[in-house]
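Observations on the three-dimensional arrangement
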Amino acid sequence: MPTLSYMEPELNPYRPGAGLQPPELAGRQDQIGYFDFLIIRAKRHNIDRGMIMSGLRGVGKTALMNKLVGMAETHSWICVVTEGQTSKYGVGDVRRRLGSEIQAALVKFSIRQRINAGMERLSELVGRFSVTVGPVSLEHHPQPGATGLLDLDVEELVTQIARAAQDRGSAFAIFVDEMQDLDPELLSALLVVQHKTQQQGLPFYLIGTGLPNLPAALTTSRSYAERLFNYSVIGPLNDAAAADALEIPAQRVGCSYTPEAVRHLIKATNGYPYFLQEYGRAIWNLAGAKTFTLDDARAAIRVGQAQLDAGFFPTRWERATPREREYMAAMATSGDESVGSASTAEIARTLGQDREAFGPARQSLIRKGLIYVPERGRVAFSVPGMADYIARVLAEQDDN
Ligand SMILES: Nc1ncnc2c1ncn2[C@@H]1O[C@H](COP(=O)(O)OP(=O)(O)O)[C@@H](O)[C@H]1O
Ligand SMILES: [Mg+2]
């Protein structure tokens, strides 16, 4: 049977998808270097700021966070990984999950460090915390012993764990993905405790990732948040890093790209990691030989784009109600290419209605993570290429 593909598809190293660890985590040396430095300094009891990394969906925030978690674990830190959620039931869920994640991290820590003494006290604190943060305290019936006030209970718990970690030359970190979706009360409690532990020289680090509006959300919650963290924007990869993301995984198995092929793919993806993985996967599956050529790259872009139009974009589009789609369509046509966002007043004009009429639709789109508010009075899509995709969908509908 003749076959188009030379490379075995099952060996395909590229991994387009949400939160999938890429075969080569390219171009994030700054963040990895800072975290490495933080780990080394923590060993010497020098406490630095936590980290906040913000960027659009699909730029690789979760992948980077997972890498940092791995580094912290290697150094026997007490690591807790959690994620903000927007759903109505999310608040209780996130808090309960945080409680059980902390419990699990403590168990792991005590086993690794072969310690028992003192750990019961911490477990007890977590138990209380889990009750405080669950639905019980939301109805103001705190467990005896717990204050029932989230910030005080979070503070006591985090401080105690950080002390236990410090005594053993370790540190405590809470990693929060999609941090913009954390409920305001828990977010504020975590910022307060990060502030206090920094003042007390305790090794507790909040490491957060989220959409581009995350830094502003933190400052709104606590004005001193801007001084608590090392902030970085996770953007598209530069050309050298994008080339690494494509080439290194191929080279590991004896394949390569011609320079023109790489250049062409980088240009088509703008260095956006999700698209690099998607096009990388496509070129692997269709290339006729171990050296991937410009023709292969052209074909891969067609296939990759069709894949994106069949999955990445429509899953977003279809999550929206008809009214929300109407809003996004107006956004797509009102958008200012140069700033990548649209003014809500302009969108209202396009829709021929006043701004408030579409307020609920806009809020719901924000909750679904499809759009975000980069600054007051403006909205933007949370993934690149969405406006173009919507234009393609609408053109197709007009054709039918
Ligand atoms: N530094 C990187 N180099 C190459 N590919 C990456 C990099 N970071 C992430 N990716 C890939 O990009 C896609 C999106 O990554 P993800 O971490 O889910 O992004 P985000 O959390 O920002 O939405 C995944 O397919 C992942 O493998
Ligand atoms: Mg993510």
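Since this is a predicted model, take the numbers as computed values, not measurements.

On to the domain arrangement of the protein, then. The domains assigned to the protein are domain 1 (29-233), domain 2 (238-310) and domain 3 (318-399). Its C-alpha centre places domain 1 at a distance of 34 Å from the equivalent point of domain 3. Each partner contributes to the interface: domain 1 provides six residues, whereas domain 3 provides eight residues. Here domain 1 packs against domain 3, burying approximately 650 Å² in sum over the two surfaces, 62% of which is carbon and sulfur. On the domain 1 side of the contact with domain 3, L56, R57 and T86 bury the most area, a combined 64% of that side's loss. Taken together, the connections running from domain 1 to domain 3 amount to zero salt bridges. At the junction of domain 1 with domain 3, the criterion picks out two residue pairs in polar contact (both at pLDDT 80 or more). Considering only residue class, the side of domain 1 that touches domain 3 consists of three nonpolar, two polar and one charged.

The next subject is the site of ligand 1. Near ligand 1 you find 25 residues, and of these R15, G19, L20, G58 and K61 are the closest. One nitrogen or oxygen atom from the main chain of E24 is found 3.3 Å from a nitrogen atom belonging to ligand 1. Contact between ligand 1 and T62: an oxygen atom at 2.8 Å from a side-chain N or O atom of the residue. In isolation ligand 1 has 570 Å² of accessible area, and contact with the protein removes 96% of it. Each residue belonging to the shell around ligand 1 can be placed in one class, and the counts come to 13 nonpolar, seven polar and five charged. The residue makeup of the shell around ligand 1 includes at least three contributed by each of domain 1 (29-233) and domain 2 (238-310).

With that settled, consider the pattern of salt bridges. One pass over the structure, following the stated rule, counts twelve salt bridges. Ionic pairing is found between E73 and K108, a salt bridge with its closest N-O pair at 2.9 Å. Of the two residues, E73 is situated in helix α2 (residues 61-74) and K108 in helix α3 (residues 90-112); the sequence distance between them amounts to 35 residues. With a relative accessible area of 38%, K108 lands in the partly exposed category. In the salt-bridge network here, residues are joined through shared partners; they are R95, D183 and E185.

Our focus in this paragraph is the sheet that holds strand β2 (residues 78-83). The five strands lie next to each other as β2-β3-β4-β1-β5, forming an open sheet whose pairing is parallel. On the outer flanks of this sheet lie β2 and β5 (229-233), each paired with one strand and no other. Ignoring strand direction, the axes of neighbouring strands in this sheet form an average angle of 10°. Bridging between strand β1 (residues 50-54) and strand β4 (residues 204-210) involves four bridges; their strand directions are parallel.

Bringing helix α16 (residues 344-351) into the picture now. Helical periodicity: at 3.6 residues per turn, an α-helix aligns residues three or four positions apart in one direction. By the burial criterion, the buried members of α16 are T344, I347, A348 and L351. Each buried residue of α16 lies within a common arc of 100° when the element is viewed along its axis, so the set occupies one face. Residues of α16 that are buried sit in contact with α15 (322-334), β8 (342-343), α17 (359-367) and β10 (378-381). Where α16 terminates, the next one or two residues include G352, which has phi positive at roughly 70°.

Turning to the side chain of T82, a few remarks are in order. Here T82 lies in strand β2. Judged by relative accessible area, T82 falls into the buried class, the value being 5%. With residues up to four places along the chain from it excluded, the contact list for T82 reads V94, R97, L98, I174, F175, V176 and D177.

The geometry of helix α11 (residues 259-269) relative to helix α12 (residues 273-286) is characterised by a closest axis approach of 9 Å and an angle of 140° between their N-to-C directions. With respect to each other, α11 and α12 are oriented oblique. Two packed elements cross with a definite hand, and for α11 against α12 that hand is right-handed. When α11 is examined against α12, the residues L265, A268 and T269 are found in contact with a partner set consisting of F275, L276, Y279 and I283. Residue composition of the contact of α11 with α12, grouped by class: six nonpolar, one polar and no charged.

With respect to topology, three strands assemble into an open sheet ordered β8-β10-β9, the strand pairing being antiparallel. Taken across any chain shown, the strands that pair with only one partner, and hence form the sheet edges, are β8 and β9 (371-372). Docked against the sheet, α15 engages β8, β9 and β10, running at close to 95° with respect to β10.

About the thresholds
Residues numbered from 1 in each chain as written. Chains lettered and ligands numbered in written order. Predicted model: local features only at pLDDT ≥ 70, side-chain atom pairs only at ≥ 80, totals over all residues. Heavy atoms only, no water. Domains from an automatic or database assignment. Contact = heavy atoms within 4.5 Å. Buried area = accessible area lost by both parts, 1.4 Å probe. Salt bridge = Lys/Arg side-chain N within 4 Å of Asp/Glu carboxyl O. Polar contact = N/O pair within 3.5 Å; in protein donor to acceptor, adjacent residues only side chain to side chain. Nonpolar A, V, L, I, M, F, W, Y, C, P; charged D, E, K, R; others polar. Near = heavy atom within 4 Å. Areas by Shrake-Rupley, 256 points an atom, 1.4 Å probe, with all protein chains shown as cover. Helix = DSSP H or I, 4+ residues; strand = E, 2+ residues; numbered from the N terminus. Buried < 20%, exposed > 50% of the residue type's maximum accessible area, 1.4 Å probe, protein only. Pairing = 2+ DSSP bridges. Axes fitted to C-alpha atoms, helices over the stretch in contact; angles between N-to-C directions. Arc of directions from axis to C-beta. Parallel < 35°, antiparallel > 145°, perpendicular 65-115°, else oblique. Left-handed = near helix turned anticlockwise from the far one by under 90°.

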